[in-house]
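Structural description and commentary
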Amino acid sequence: MPKSIYVENIGGAITATGLMQLSKARPDGHTVGVMTYDSIITLPRGNLVPGYSLDRMIPFARITKEADAIVVSKQSGYENYEQLIEAARANPGTVRIGVAPKGSGPYLAVRRLEAAAGVEFNVISYPGSSTAEAEALLSGEIDGAISSLGDFSGILDSGDAHGLVEFSSEQNPAYPEVPPMSELGGNLETGSFIVLAVPKGTPEDVVSTLESAYHSAYETPEFQKWITGVGVTPSWLGADEVNAWIEDYQQKTFTAMDELGL
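Our subject in this report is the structure included herewith.

Overview of the side chain of T64
Note that T64 resides in strand β2 (residues 57-73). On the basis of relative accessible area, T64 is assigned to the buried category, the value being 3%. Here I194 takes part through its backbone nitrogen, which lies 3.3 Å from a polar atom of the side chain of T64.

What follows is the structure, encoded as structure tokens:
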């Protein structure tokens, strides 16, 4: 676009603070917001922030998927996903898996994996970023951890840890040695993403202009090289598809939460 874009990081209320500012902005296409897993799942599920509603925003594109993955330390001895599951099945509650606290995407992922594989892990929660989990992996405090591969890029690149599986149906181009769950015969898909949105009431022609501009940027070699370099899978959905995808993703995730009592 022939204009500079000012990027402002607005923290607070697990993405709600920034998105509520977005929903109150003038609907002229000059304000765009970023929605993630917490925006679409955590906040609506728990009604955590009064006044927050997806109905006040128009999602117009999804540009990335950042699947959760199981990463294990080199000293754990697990070389592949099957070995990890076999160990958990043979000795319930002994394989130590680090995740973010209850209510997070990785916590839901480990519980869904337990249910799908018929195993029981020793699940240990670490508040804050995945840095604490990486340190726990290196110290031997845990055998594995669940977060995105990009979150563990430092210890993956150093060889101190390796990925066993990514909970996705698509191969992550940045980590071709880590298989997606679909390749191993499973259909578990969890993780975050980046969805772009504008305030409700934004004219259709303005939304179309933004979608077209972001899609052109998405397809550039520069963006594709950069996104792969940070360990994230490029995954485009346009305005005609993203809302149906959000509805389907919510339905499947909320159903899984209900079944697990979460």
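Here we look at the side chain of R112
Inspection of the secondary structure assignment puts R112 in helix α4 (residues 105-117). The charged side chain of R112 is buried without a salt bridge, its nearest counter-charge being E259 at 7.2 Å. With near-sequence residues (within four places) excluded, R112 lies in contact with L188, E189, T190, A256 and L260.

Remarks on the packing of helix α2 (residues 37-46) against helix α9 (residues 239-260)
The interhelical angle for the contact between α2 and α9, taken along N-to-C directions, is 50°, at an axis separation of 11 Å. What the angle tells us is that α2 and α9 run oblique. Where α2 crosses over α9, the handedness of that crossing is right-handed. Every residue of α9 that contacts α2 at Y37, I40, I41, P44 and R45 is listed here: I246, Y249, Q250, T253, F254, M257 and D258. Across the contact of α2 with α9, the residue classes break down as eight nonpolar, two polar and two charged.

Digging into the pairing of β2
For β2, a buried count of 15 out of 17 residues is recorded, marking the element as mostly surrounded by other parts of the structure. One ladder, built from nine bridges, connects β2 with strand β7 (residues 191-199); its direction is antiparallel. Paired with P59 across the two strands is A197, which belongs to β7. Bridging between β2 and strand β6 (residues 161-166) involves five bridges; their strand directions are antiparallel. Directly across from V71, in β6, lies its bridge partner G163.

Remarks on the environment of T17
Mapped onto the elements of the fold, T17 is located in helix α1 (residues 16-24). Setting aside chain neighbours within four positions, we find T17 in contact with I10, G11 and G12. A polar side-chain atom of T17 sits 3.1 Å from the main-chain carbonyl oxygen of G12.

Examining the packing of α4 against α9
Close contact between α4 and α9 brings their axes to 11 Å; oriented N to C, the two are set at 70°. Taken together, the axes of α4 and α9 lie roughly perpendicular to each other. The two elements α4 and α9 cross, and the hand of that crossing is left-handed. Across from L108, R111, R112 and A115 in α4, the residues of α9 making contact are T253, A256, M257 and L260. Grouping the constituent residues of the contact of α4 with α9 by class yields five nonpolar, one polar and two charged.

Digging into α9
The end-to-end C-alpha distance of α9, which contains 22 residues, comes to 32 Å, matching closely the 32 Å that a straight helix rising 1.5 Å per residue would cover. Residues V242, W245, I246, Y249, Q250, T253, A256 and M257 constitute the buried set of α9. The buried residues of α9 occupy an angular sector of 140° when projected down its axis, which confines them to one face. Residues of α9 that are exposed and angled more than 90 degrees away from the buried face: D240, E247, Q251, K252, D258 and E259. Looking at the buried residues of α9, the elements they touch are α2, β2, α4, β7 and β8 (233-237). Phi for G261, located one or two positions after α9, is positive at around 70°.

Remarks on the nonpolar core
If you look at the biggest cluster of nonpolar residues, it comprises 25 residues, and the most contacted ones within it are I70, Y81, V95, L113, F121, I146 and F167. Those elements giving two or more residues to this core turn out to be β2, α3 (81-90), β3 (96-99), α4 and β6. In terms of nonpolar packing, the next biggest core, distinct from the first, is built from 21 residues, M20, L22, V242 and Y249 among them.

Section: the environment of E66
Structurally, the position occupied by E66 is in strand β2. Accessibility expressed as a relative area gives 26% for E66, which makes it partly exposed. Residues E66 and G191, spaced 125 residues apart in sequence, show a C-alpha to C-alpha distance of 5.6 Å. In terms of polar contacts, E66 uses its side chain to reach the side chain of S148, at 2.9 Å.

The rules behind the values
- Residues numbered from 1 in each chain as written.
- Predicted model: local features only at pLDDT ≥ 70, side-chain atom pairs only at ≥ 80, totals over all residues.
- Heavy atoms only, no water.
- Helix = DSSP H or I, 4+ residues; strand = E, 2+ residues; numbered from the N terminus.
- Buried < 20%, exposed > 50% of the residue type's maximum accessible area, 1.4 Å probe, protein only.
- Polar contact = N/O pair within 3.5 Å; in protein donor to acceptor, adjacent residues only side chain to side chain.
- Lys, Arg positive; Asp, Glu negative; His and termini not counted.
- Salt bridge = Lys/Arg side-chain N within 4 Å of Asp/Glu carboxyl O.
- Contact = heavy atoms within 4.5 Å.
- Axes fitted to C-alpha atoms, helices over the stretch in contact; angles between N-to-C directions.
- Parallel < 35°, antiparallel > 145°, perpendicular 65-115°, else oblique.
- Left-handed = near helix turned anticlockwise from the far one by under 90°.
- Nonpolar A, V, L, I, M, F, W, Y, C, P; charged D, E, K, R; others polar.
- Pairing = 2+ DSSP bridges.
- Expected span 1.5 Å × (residues − 1).
- Arc of directions from axis to C-beta.
- Core = buried A, V, L, I, M, F, W, Y, C linked by side-chain atoms within 4.5 Å.

Any functional reading would require information that these geometric values do not contain.
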